[in-house]
Amino acid sequence: MKLGIFMKIFTRPRWQQSLDVITDMGIQWIHFTLQPIVGEALPHEVDARTVDQIRRELTARGLKIATFSGTFNMAHPDEGYRREYLARFSTVCSVCRDLGGAIVAVCTGTRDPLDMWRWHPENQTPQAWEDMSRTMEEALTLADRYQVILAFEPEANNVVDSPQKAQRLLEEFQHPRLRVILDPVNILPEAGSIDRNQILEQAVRLLGPSIVAAHAKDVVRTGMAAEFGEPLVDYSCYLQLLSDHGFDGALLIHSVAEHDVPQVIAFLRNTAGKSKINLD
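Not measured: the values here are computed from a predicted model. (Residues numbered from 1 in each chain as written. Predicted model: local features only at pLDDT ≥ 70, side-chain atom pairs only at ≥ 80, totals over all residues. Heavy atoms only, no water.)

Draft legend 1. Here's a closer look at the sheet that holds strand β4 (residues 103-106). Taken together, the 8 strands give a closed barrel; going around it, the order is β1-β2-β3-β4-β5-β6-β7-β8, and neighbouring strands pair in parallel fashion. Adjacent strand axes in the sheet meet at a mean angle of 30°, parallel and antiparallel pairs treated alike. Alignment of strand β6 (residues 178-182) against strand β7 (residues 211-216), held across 3 bridges, turns out to be parallel. Following the sheet pairing, Ile-181 is matched in β7 by Ala-213. (Pairing = 2+ DSSP bridges. Helix = DSSP H or I, 4+ residues; strand = E, 2+ residues; numbered from the N terminus. Axes fitted to C-alpha atoms, helices over the stretch in contact; angles between N-to-C directions.)

Draft legend 2. Focus on unusual backbone geometry. The phi angle at Gln-174 is positive, at roughly 45°, despite the residue not being glycine. With respect to the helices, strands and loops of the structure, Gln-174 is situated in the loop between α6 (163-173) and β6. According to the relative accessible area criterion, Gln-174 is exposed, its value standing at 66%. A positive phi angle is found at Ser-255, which is not glycine, with a value near 60°. Here Ser-255 is to be found in the loop between β8 (250-253) and α10 (261-274). (Buried < 20%, exposed > 50% of the residue type's maximum accessible area, 1.4 Å probe, protein only.)

Draft legend 3. Fine view of empty space enclosed by the protein. Applying the stated criterion across every chain yields a total of 1 cavity of 30 Å³ or more. Taken as a whole, the largest cavity spans an internal volume of roughly 60 Å³. If you trace the largest cavity, you find it lined by Glu-79, Arg-82, Arg-83, Leu-86, Arg-134, Thr-135 and Glu-138. Secondary-structure elements contributing two or more residues to the lining of the largest cavity are α4 (79-98) and α5 (126-146). Looking at the lining of the largest cavity, the element that brings in the most residues is α4, giving 4 residues. (1 Å grid on protein atoms, 1.4 Å probe; cavity = no way out; pocket = protein on both sides within 12 Å on 5 of 7 lines; lining within 4 Å. Points joined across faces, edges and corners; volume = space filled by probe spheres on them.)

Draft legend 4. Representation of the nonpolar core in the model. Among the nonpolar cores identified, the biggest contains 99 residues, and Phe-32, Leu-150 and Leu-268 are the most heavily contacted of them. Other than its neighbours up to four places away in sequence, Leu-150 contacts Phe-89, Val-104, Val-106, Met-136, Ala-139, Leu-140, Ala-143, Arg-177, Leu-178 and Arg-179. (Core = buried A, V, L, I, M, F, W, Y, C linked by side-chain atoms within 4.5 Å. Contact = heavy atoms within 4.5 Å.)

Note that every value here comes from positions in space, so none of it alone points to a role or purpose.
Here you go:
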């Protein structure tokens, strides 16, 4: 596996300084976003000069793009919004390819018109699935054009809210460029007597061949501060499951405070090492 991190964790006056911090931490792989560079994660366009500059800055530091941020609300109730962001998504796919990236992260979305990560009761309706599916189909056409992979994440608040629905979407398209990002926090219940490791096992068994990236979120609470409650993710089990199913993609540190990153890196490397899992 490859240890990586979300670029947006680090906020600096100049985006190059964020890359410097990541490099200094010994991390080579990043979840990349255009937001700090051009002001938007999904801009209408990015000029060739800017793309060349980004490429030079990444190359100079030996940084590689594990996944590229392309998330927008694919199930938004307004067709105009979906059309607008499909056009922007084309730009993202183009830039990802030009920078040597291969995987664009996408979101199946929600019927909530204001927040693509917020649950909405209409997410369960056939219309929500149809709109999301139609948007995904057009996004896959762009993926073919720019030769990138689209990786979506099962997320409790989205239309695809479980590993089972993720499998349904994969089977519906049977497209070689449609893959999965696994974030265990987003598929695990926060309370109750449910065996969370069993849920993780089922998810990895179901989606294993399609998982191209995995997230490491809630690491501090889980790995360092269990006194705040029962750990949500058993990282020893999680990493072992991924390894057993042949996962060799990026494990991306996500949603942690910058000051916690060094201990998160140490925790993940130590946990992997105990199981004799190579975490580059």
